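# Notes for the structure review
Here's the letter readout for the chains.
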Amino acid sequence: ALRVGRVREIATARRGLRGPLIPILHAIQEDLGHIDQADVPVIADVLNLSAAEVHGVVTFYRDFRRERGGRTTLRICRAEACQAVGAEALGAHARRRLGVDFGETTSDGAVTLDEVFCLGNCALGPAVQVDGRLHGRVSPARLDALLGEVVP
Ligand code: FES
């Protein structure tokens, strides 16, 4: 019930935007971690859309996570500047180490691995974010160390 109230609040605050659905979904994900199936009718109601329309958008964009994320979220920048300094190898390393692909959560619920396209830290790539905290020049070894703090 708490979640429904929060979803309604987020949606209502943005319903005046032009093309409000995507920004609302991003805001909900940022605030609550994922877009729950139960959020869909609430958003639809606020925007005067059908639940099917909202559901269609949620499932169309890979950006939106539909399950609860892990306790820690690791985001790896895969945009150009970071790619030029090894982000792809870093991403491959993270996938191997965690045993999940981008957009997935480890089976123990510890870590969600996400890709992101630019963290505004291009001069210090490869850039990653661990639970919202930015780290630059992250080598695979450094990533292991960062993960070691959250996944012993
Ligand atoms: Fe990675 Fe900008 S390209 S932070």
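Before going into details, it helps to say that this report is about the structure given with it. All of these numbers come straight from a predicted model, not from anything done at the bench.

Once that is clear, we can look at the overall build of the protein chain. Regarding its fold elements, the protein chain presents seven helices and five strands. Along the protein chain, from the amino end to the carboxyl end, the secondary structure elements read α-α-α-α-β-α-α-β-β-β-β-α. When each of the 152 residues of the protein chain is scored for burial, the buried share is 39%. Here the protein chain displays about 8500 Å² of accessible surface, and carbon together with sulfur accounts for 50% of that area. Counting 19 positive and 19 negative side-chain charges, the protein chain places the centres of these two groups 3 Å from one another.

Here we come to the packing of helix 2 (residues 21-32) against helix 3 (residues 39-47). At their nearest, the axes of helix 2 and helix 3 sit 12 Å apart, and the two run at 140° to each other. Accordingly, the angle class assigned to the pair helix 2 and helix 3 is oblique. Between helix 2 and helix 3 the crossing geometry is right-handed. On helix 3, the residues that touch Leu 21, Ile 24, Leu 25 and Ile 28 of helix 2 are Asp 39, Ile 43 and Leu 47. Residue composition of the contact of helix 2 with helix 3, grouped by class: six nonpolar, no polar and one charged.

Our next topic: the side chain of Gln 129. By the secondary structure assignment, Gln 129 is in strand 4 (residues 128-130). Owing to a relative accessible area of 14%, Gln 129 belongs among the buried residues under this scheme. At a separation of 2.5 Å, a polar atom in the side chain of Gln 129 contacts the side chain of Arg 75. Once residues within four sequence positions are removed from consideration, Gln 129 is found in contact with Thr 73, Leu 74, Arg 75, Leu 119 and Leu 134.

The subject of this paragraph is the nonpolar core. Residues Leu 25, Ile 28, Ile 43 and Val 54 are the most contacted members of the largest nonpolar core, which totals 18 residues. Looking at this core, the elements that each hand over two or more residues are helix 1 (2-14), helix 2, helix 3 and helix 4 (51-60). Sorting elements by how many residues they give to this core places helix 3 first, with six residues. Each residue touching Ile 43, except ones within four places of it in the same chain, is listed here: Val 7, Leu 21, Ile 24, Leu 25, Ile 28 and Val 54. Formed by 17 residues, the second largest nonpolar core is a distinct cluster that contains Leu 98, Val 100, Ala 110 and Leu 146.

This brings us to the pairing of strand 1 (residues 72-77). Across a regular strand the side chains alternate sides, sitting on one face of the sheet and then on the other. As judged from the six bridges shared by strand 1 and strand 3 (residues 111-116), these two strands associate in the parallel manner. Residue Ile 76 lies in a different strand from strand 3, and its bridge partner there is Glu 115. Where strand 1 meets strand 4, three bridges bridge the pair, whose relative direction is antiparallel. Across the sheet, Leu 74 pairs through a bridge with Val 130, a residue of strand 4.

One pass over the structure, following the stated rule, counts two aromatic pairs. Plain terms: the ring middles of Tyr 61 and Phe 64 are 6.3 Å apart, the flat faces sit at 80° to each other, and that makes the pair edge-to-face. Among the residues examined, Phe 64 registers a relative accessible area of 6% and is labelled buried.

Cut-offs used in this document
- Throughout this description, residue numbers start from 1 for each chain and increase along the sequence as written.
- Where local features are concerned, this predicted model is filtered to residues with pLDDT of at least 70; where side-chain atom pairs are given and counted, the filter is 80 or more; whole-chain, interface and lining totals use all residues.
- As a convention, hydrogens and water are excluded, and side-chain values are obtained from all of the structure's heavy atoms.
- Note on conventions: DSSP H or I runs of at least 4 residues are helices, E runs of at least 2 residues are strands, and numbering of each starts at the N terminus.
- Type-normalised accessible area, obtained with a 1.4 Å probe on protein chains alone, sets the label of each residue: buried when under 20%, exposed when over 50%, and partly exposed for intermediate values.
- Shrake-Rupley sampling with a 1.4 Å probe provides the accessible areas, and residues are treated as covered by the protein chains on show and by no other component.
- Counted as positive: Lys and Arg. Counted as negative: Asp and Glu. His and the chain ends are not counted at all.
- A charge is said to be at NZ when it belongs to Lys, at CZ for Arg, at CG for Asp and at CD for Glu.
- Every angle, taken between N-to-C directions, lies between 0 and 180 degrees, and every axis is a line fitted to C-alpha atoms, over only the stretch in contact when it is a helix.
- Relative orientations are named as follows: roughly parallel for angles under 35 degrees, roughly antiparallel for angles over 145 degrees, roughly perpendicular for angles from 65 to 115 degrees, and oblique for any other angle.
- For any helix crossing, the convention is left-handed if the near helix is rotated counterclockwise from the far helix by under a right angle, and right-handed if that rotation is clockwise.
- Note on definitions: a residue-residue contact is assigned when non-hydrogen atoms from the two residues lie within 4.5 Å.
- Each residue is assigned to one class: nonpolar for Ala, Val, Leu, Ile, Met, Phe, Trp, Tyr, Cys and Pro, charged for Asp, Glu, Lys and Arg, and polar for all the others, Gly among them.
- Counted as a polar contact is a pair of N or O atoms within 3.5 Å, where, for protein atoms, one must be capable of donating a hydrogen and the other of accepting one, and residues adjacent in sequence contribute only when both atoms are in side chains.
- Put simply, buried Ala, Val, Leu, Ile, Met, Phe, Trp, Tyr and Cys residues joined by side-chain atoms within 4.5 Å make one nonpolar core.
- In this scheme, strands are said to pair when DSSP sees at least two bridges between them.
- Paired rings are identified among Phe, Tyr and Trp, the last through its six-membered ring, by centres lying within 6.5 Å, and are further divided according to the angle between planes into stacked (under 30 degrees), edge-to-face (over 60) and tilted (the rest).

None of this, on its own, says anything about what the molecule does.
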